[in-house]
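Structural overview
Below are the chains, spelled out letter by letter.
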Amino acid sequence: MESILIDNVANTVVEAVRTRHSVREYEDRKIPSELLQELFAESLRAPSWKNSQPWRIHIVTGEARDRMSEKLVSAARAGAPNPDSPWLENYPSDVKRRMFDLGMRVYGVAGIDRKDKAAREAFMLRNFEFFGAPAAAFITTNFEMNFYVGLDIGCLLQTVMLLARTYGLGTCPQAALGAFPDVVRSEFGLPVEERVVCGISLGYPKPGSGLNEFHSPREEFSSLVKFYDQ
Ligand SMILES: Cc1cc2nc3c(=O)[nH]c(=O)nc-3n(C[C@H](O)[C@H](O)[C@H](O)COP(=O)(O)O)c2cc1C
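Looking at the overall build of the protein chain
From N to C terminus, the protein chain includes 9 helices and 4 strands. Starting at the N terminus and ending at the C terminus, the protein chain contains elements arranged as α-α-β-α-α-α-β-α-β-α-β-α-α. Taken over C-alpha atoms, the radius of gyration comes to 18 Å for the protein chain, in line with the 17 Å a tight globule of 230 residues would show. Across its three principal directions, the C-alpha atoms of the protein chain cover 50 × 50 × 40 Å. Counting over 230 residues, the protein chain shows a buried share of 39%. Put simply, 84% of the contacts in the protein chain that link residues at least 6 apart link residues at least 24 apart. Across the protein chain, the centroid of the 27 positively charged side chains sits 5 Å from that of the 30 negatively charged ones.

A word on the nonpolar core
Grouped together as the largest cluster of nonpolar side chains are 29 residues, with contacts concentrated most on Met68, Leu72, Phe123, Phe128, Phe130, Phe138 and Phe180. When residues of this core are traced back to their parent elements, those giving at least two are helix H3 (62-78), helix H4 (93-110), helix H5 (117-125), strand E2 (135-141) and helix H7 (181-188). In terms of residue count, the dominant contributor to this core is H3 (5 residues). Phe180 has contacts with Leu72, Ala75, Ala76, Gly79, Ala80, Pro81 and Phe128, leaving out every residue within four places of it along the chain. Counting 24 residues, the second-largest nonpolar core is a separate cluster that includes Leu39, Ile153, Tyr167 and Leu202.

What to know about the site of the ligand
Taken together, 14 residues lie around the ligand, and Arg20, Ser22, Arg24, Ser216 and Arg218 are the ones closest in. Between the ligand and the protein, one listed contact pairs an oxygen atom with a side-chain N or O atom of Ser216 at 2.7 Å. Across the complex, the protein chains shield 67% of the 620 Å² of accessible surface that the ligand would expose by itself. When grouped by side-chain class, the residues that make up the shell around the ligand number 6 nonpolar, 5 polar and 3 charged.

Some words on the sheet that holds E2
On the basis of which strands lie adjacent, the open sheet formed by 4 strands has the order E1-E2-E4-E3 and antiparallel pairing. Pairing within the sheet leaves two strands with one partner each, and these edge strands are strand E1 (56-60) and strand E3 (170-174). Adjacent strand axes in the sheet meet at a mean angle of 20°, parallel and antiparallel pairs treated alike. Bridging between E2 and strand E4 (residues 195-203) involves 7 bridges; their strand directions are antiparallel. Looking at the pairing, Thr140 lines up with Val196 of E4.

Focus on unusual backbone geometry
One non-glycine residue, Asn51, adopts positive backbone phi at about 55°. Residue position: Asn51 is located in the loop between helix H2 (33-43) and E1. With relative accessibility at 53%, the residue Asn51 sits in the exposed group.

Details of the environment of Leu36
Mapped onto the elements, Leu36 comes out in helix H2. For Leu36 and Ile59, which are 23 residues apart along the polypeptide, the C-alpha to C-alpha distance reads 8.9 Å. Apart from residues lying up to four places away in sequence, Leu36 is in contact with Ile31, Ile59, Thr61 and Ala135.

Some thoughts on H3
Between its terminal C-alpha atoms H3 stretches 25 Å, which fits the 24 Å expected from 17 residues at 1.5 Å a residue. Within H3, burial applies to Arg65, Met68, Ser69, Leu72, Val73, Ala75 and Ala76. Taken around the axis of H3, the buried residues stretch over an arc of 160°, which confines them to a single face. Residues of H3 that are exposed and point over 90 degrees away from its buried face: Glu63, Glu70, Arg77 and Ala78. Elements in contact with the buried residues of H3: E1, H5, E2 and H7.

Parameters and conventions
- Residues numbered from 1 in each chain as written.
- Predicted model: local features only at pLDDT ≥ 70, side-chain atom pairs only at ≥ 80, totals over all residues.
- Heavy atoms only, no water.
- Helix = DSSP H or I, 4+ residues; strand = E, 2+ residues; numbered from the N terminus.
- Rg over C-alpha atoms; globule rule 2.2 N^0.38 Å.
- Buried < 20%, exposed > 50% of the residue type's maximum accessible area, 1.4 Å probe, protein only.
- Contact = heavy atoms within 4.5 Å.
- Lys, Arg positive; Asp, Glu negative; His and termini not counted.
- Charge placed at Lys NZ, Arg CZ, Asp CG, Glu CD.
- Core = buried A, V, L, I, M, F, W, Y, C linked by side-chain atoms within 4.5 Å.
- Near = heavy atom within 4 Å.
- Polar contact = N/O pair within 3.5 Å; in protein donor to acceptor, adjacent residues only side chain to side chain.
- Areas by Shrake-Rupley, 256 points an atom, 1.4 Å probe, with all protein chains shown as cover.
- Nonpolar A, V, L, I, M, F, W, Y, C, P; charged D, E, K, R; others polar.
- Pairing = 2+ DSSP bridges.
- Axes fitted to C-alpha atoms, helices over the stretch in contact; angles between N-to-C directions.
- Expected span 1.5 Å × (residues − 1).
- Arc of directions from axis to C-beta.

So this is what it looks like as structure tokens:
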């Protein structure tokens, strides 16, 4: 397939790594279907344990995207998340600090008062509207949910996200898209053994959006990376 490139693309891996961040506001603009096909075909080069390739990728656009969004929003309004793999409840205190800090910063750029529960919930629901993205991919597996399957799927996700940058696309990886797996299975006609791991929204980042200009901070290099040579 011939590569389809547009403006605002990453031309090197370093550019893709530096310009990738979670995009939570998108332009109302479709992604050409050949571009999506090329991106996901290339993404299958991601590595996996013994080449097990434990993933299946289900991409929604157009009416399928709108229907899935409506059903997920209704499910989220009606009840609590019920993911196939339970979300962690306890984190080390330094991680809790980072997570709280992220929440505060994102609410800040979204103009949400931390004490405004209704506004926080409305923002949370944007997950299920794919933050306005024209396309979303759901990653499922028929493997037992296991740490190594999670690693493999993490490799796939990052491959998709970096490739997306080479087409000028933004992405947001979302555990939230695995919150209501029965809805996802029912829409795609999947058996109950097919587990929904997560999803990812894809589209053209909305220019001038405060939410998109926000890039989350990282810990000090020296506190996370150590070299040993003796
Ligand atoms: C496995 C995974 C699940 C995530 N789930 C969500 C999610 O449900 N909703 C969301 O808005 N962001 C989600 N994120 C995005 C993270 O908040 C984001 O990657 C992190 O804050 C670092 O910011 P950056 O991606 O902009 O560099 C997720 C990221 C990963 C890797």
